Amino acid sequence: MRLRLPPRAVPLLLAGCLLACGVSCTGTGDPSATGAPGVGDRLFPDAGNGGYDVGHYTLDLDYDPASGQLRGTAVLTATADRQLDRFDLDLAGLTVRRVTVDGATARTSRKGDELRVSPAHPLRPGARFTTTVAYQGAPRLLTDPDGSHEGWFRTDDGALALGEPVGSMAWFPGNDHPSDKAAYDITVTVPRGLTAVSDGELVATRPVADDRTSYHWRSTAPMATYLATVAIGHFDVTRSTTPDKLPLYVAVDPRSDDAATAAALARIPEILHWEQGLFGPYPFASAGAIVDHLARGRVGYALETQNRPVFPGDGPPPAVDTTTLVHELSHQWFGDSVTPAAWQDMWLNEGFATFTEWLWKQHEGGPSLDASAASAFASDADWAFPPASPPHAAAVSAAPVYGRGALVLYELRRTLGAPAFDRLLKQWPAAHRHGNASTADFTAFCARFTSRDLRPLFATWLYGTARPARL
Ligand SMILES: [Zn+2]
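These lines cover the structure that appears in this document, whether it is placed above or below. Quantities reported herein were computed from a predicted structural model and do not represent experimental measurements. Along each chain, numbering runs from 1 in the same order as the chain's sequence is written. Totals for whole chains, interfaces and linings use every residue, but because this is a predicted model, local features are given only for residues with pLDDT of at least 70 and side-chain atom pairs only at 80 or more, for both listing and counting. Think of the side-chain values as coming from all heavy atoms in the structure, minus any hydrogens and water.

1. A closer look at the overall build of the protein
Then step 1. Runs of E in the DSSP output that reach at least two residues are strands. Runs of H or I that reach at least four are helices, and both are numbered from the N terminus. When helices and strands are tallied, the protein shows nine helices and 22 strands.
Then step 2. The globule rule used for comparison is 2.2 Å times the number of residues to the exponent 0.38, while the radius of gyration itself is calculated over C-alpha atoms. In terms of C-alpha radius of gyration, the protein reaches 22 Å, essentially the compact-globule figure of 23 Å for 471 residues.
Then step 3. Taken along the three principal axes of its C-alpha coordinates, the protein extends 65 × 50 × 40 Å.
Then step 4. Per-residue accessibility, obtained with a 1.4 Å probe over protein chains only, is compared with the maximum for each type, and a residue is labelled buried under 20%, exposed over 50%, and partly exposed between these values. When each of the 471 residues of the protein is scored for burial, the buried share is 59%.
Then step 5. By definition, residues are in contact when any of their heavy atoms lie within 4.5 Å. Counted over contacts in the protein with a minimum sequence separation of 6, partners at least 24 positions apart contribute 72%.
Then step 6. Computed with a 1.4 Å probe, the accessible areas rest on the Shrake-Rupley method; for each residue, only the protein chains presented here act as cover. For the protein, the computed accessible surface area is about 17000 Å², with 53% contributed by carbon and sulfur atoms.
Then step 7. None of His or the chain ends enter the tally, which takes Lys and Arg as positive and Asp and Glu as negative. Each charge is placed at NZ for Lys, CZ for Arg, CG for Asp and CD for Glu. Within the protein, the 51 negative side-chain charges are centred at a point lying 3 Å from the centre of the 41 positive side-chain charges.

See the structure below:
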């Protein structure tokens, strides 16, 4: 969930951060040999990069909360999809110390949030290559034109990294677009006494020198960059296993451990069991939550970081309410496992998550599904633009993407009938498990569940600009 979404990260260019100052990396001059600085996202043109696909990230991070300084090494294993004399990584701020490609020093330059890398030897199409970036500095909090924040939040006892939509480039170099999912090994070394929580499963904890501890987290399931997180600080950690045999790792900042939050978190096994009944098997090897207290600054939103969503305790208690927990956990299917092909497909995340909230409220004896739909239908904010066509980057998580996105599913349920719709709710996440999907993929998929022509439904509810006379 992002109630307010920042459109683009602010370009940052640090003087003195060039490894090869003054060197112009123009390659051979053959444009086909240069990886594009973006993947061509309509809303975020510079997000991600062209020319390669990352298969695995190894991030080795050492963080000093007292100074806010991060020292990192990122090792990216990728495959070139064309001849590459040069390619880009996304990186906002920080100082790059050295870049190698397949062990040989590469030339680099910086342009805005692009780190341009020219390997010593051109990469052939299909070549699997390893890029190692050594970097350091104080990671930035990225402030967006609408005033919201993402990237690296420095807290009074550590830090919290949140990346939707383009905030991961604040703390590691990568291909920062949801279309390039990869596996991760994230190792974070922090002062002894602090805990570092991330995505996936904790595979090792070990002492470093006399006074530091490293936490090694592994995500074997593919993950989009925006879903990667690190939370560093004082946490009460609860490890358990659900009756469905799913390992849970729940980390709660003691200062955010109010009674309502504890009661909500205690329902994670029940919520996941209920959601599995709706959406099919949980897509990852573990689950949980991260609740971090922010004594300074505000995040202002929860985020469905992979395996364990983040809930910032930065407002009045409770830090976690059950409905928001239901929303973020549903994203593990819709967003984290089935990831949008592009940011304009964001309604496939938030429409499903909002619809799940409606189902949960009905399940809990609250407003019926019909009442929730009627409320969204009556909301003028939900009709500001069609959910499948956010007009600009700042609108990508505005109200229509949530409420009207859910109305698309409500209308589908009425048209297909509940039995067919219930099958669709399970088969859609199964068909695109751990992959990417676009709005066109979804509308084509829906046609399998009916002999009726669904085009008028999508024309009205997904793409139409005018509110129909009635629900
Ligand atoms: Zn959401």
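2. Section: the nonpolar core
Burial of nonpolar side chains together is a common tendency in soluble globular proteins.
Then step 1. The biggest cluster of nonpolar side chains holds 140 residues, and the ones touching the most others in it are Trp 171, Leu 412, Trp 428 and Phe 442.
Then step 2. A per-element tally of this core places helix 6 (residues 399–416) first, with nine residues.
Then step 3. With residues near it in sequence (within four places) discarded, Phe 442 still touches Trp 347, Leu 348, Phe 352, Leu 409, Leu 412, Leu 424, Trp 428 and Phe 458. Think of a nonpolar core as a cluster: buried Ala, Val, Leu, Ile, Met, Phe, Trp, Tyr and Cys residues, connected wherever their side-chain atoms sit within 4.5 Å.

3. Considering the sheet that holds strand 18 (residues 247–252)
Then step 1. At least two bridges found by DSSP between two strands are what make those strands a pair. The strand order across the open sheet built from four strands is 17-18-19-20, with neighbouring strands paired in mixed fashion. The open sheet has two edge strands with one neighbour each: strand 17 (236–241) and strand 20 (310–313). For this sheet, the mean angle separating the axes of adjacent strands, direction not counted, is 15°.
Then step 2. Both strand 18 and strand 19 (residues 287–293) contribute to a ladder of five bridges, which runs parallel. The partner of Val 252 across the bridge, within strand 19, is Val 291. Every axis in this analysis is a line fitted to C-alpha atoms, fitted for helices over the stretch in contact. Angles between the N-to-C directions lie between 0 and 180 degrees.

4. A few points about the side chain of Asn 307
Then step 1. Mapped onto the elements of the fold, Asn 307 is located in the loop between strand 19 and strand 20.
Then step 2. Under this definition, polar contacts are N or O atom pairs within 3.5 Å; protein pairs additionally need one hydrogen-donor-capable and one acceptor-capable atom, and for neighbouring residues in sequence, both atoms have to be side-chain atoms. Of note is the side chain of Asn 307, whose polar atom sits 3.0 Å from the backbone nitrogen of Gly 200.
Then step 3. Separated by 3.2 Å, the side chain of Asn 307 and the backbone oxygen of Ser 286 make a polar contact.
Then step 4. The contacts of Asn 307, once residues within four sequence positions are left out, are Asp 199, Gly 200, Glu 201, Ser 219, Tyr 282, Phe 284, Ala 285, Ser 286, Ala 287, Gly 288, Gln 332 and Asp 336.

5. Things to note about the pairing of strand 8 (residues 128–137)
Then step 1. Across ten bridges, strand 2 (residues 69–80) lies against strand 8 in antiparallel orientation. Within strand 8, the residue paired with Thr 77 across the bridge is Thr 130.
Then step 2. Judged from the six bridges that link them, strand 4 (residues 95–101) and strand 8 form a sheet pairing that is antiparallel. Note on strand 8: the bridge partner recorded for Val 99 is Val 133.

6. Some thoughts on the packing of aromatic side chains
Then step 1. Aromatic rings from Phe, Tyr and Trp, with only the six-membered ring used for Trp, were paired whenever their centres fell within 6.5 Å, and each pair was classed as stacked if the ring planes differed by under 30 degrees, edge-to-face if by over 60, and tilted otherwise. A full pass over the atoms with the stated rule returns 28 aromatic pairs.
Then step 2. Through successive ring pairs, a cluster of aromatic residues spans Phe 279, Tyr 282, Phe 284, Trp 333, Phe 334, Trp 347, Phe 352, Trp 428, Phe 442, Phe 445 and Phe 449.

7. Here we look at the pattern of salt bridges
Should their charged atoms come close, side chains of opposite charge can pair.
Then step 1. The working definition used for a salt bridge is a side-chain nitrogen of Lys or Arg within 4 Å of a carboxyl oxygen of Asp or Glu. Following the criterion strictly, the structure yields twelve salt bridges and no others.
Then step 2. Measuring nitrogen to oxygen at the nearest pair gives 2.6 Å for the salt bridge that ties Arg 255 to Asp 156. Here the residue Arg 255 occupies a position in the loop between strand 18 and helix 1 (259–265), and Asp 156 occupies one in the loop between strand 10 (149–155) and strand 11 (158–162), the gap between them amounting to 99 residues.
Then step 3. Note on Asp 156: relative accessible area 39%, which makes it partly exposed.
Then step 4. Two residues, Asp 185 and Arg 218, come together in a salt bridge whose shortest N-O distance is 2.7 Å. One end of the pair, Asp 185, is in strand 12 (residues 182–191); the other, Arg 218, is in strand 15 (residues 212–223), and 33 residues separate them in sequence.
Then step 5. Residue Asp 185 is classed as buried on the basis of its relative accessible area, which comes to 11%.
Then step 6. The network of salt bridges with common partners includes Asp 156, Asp 157, Asp 253 and Arg 255.

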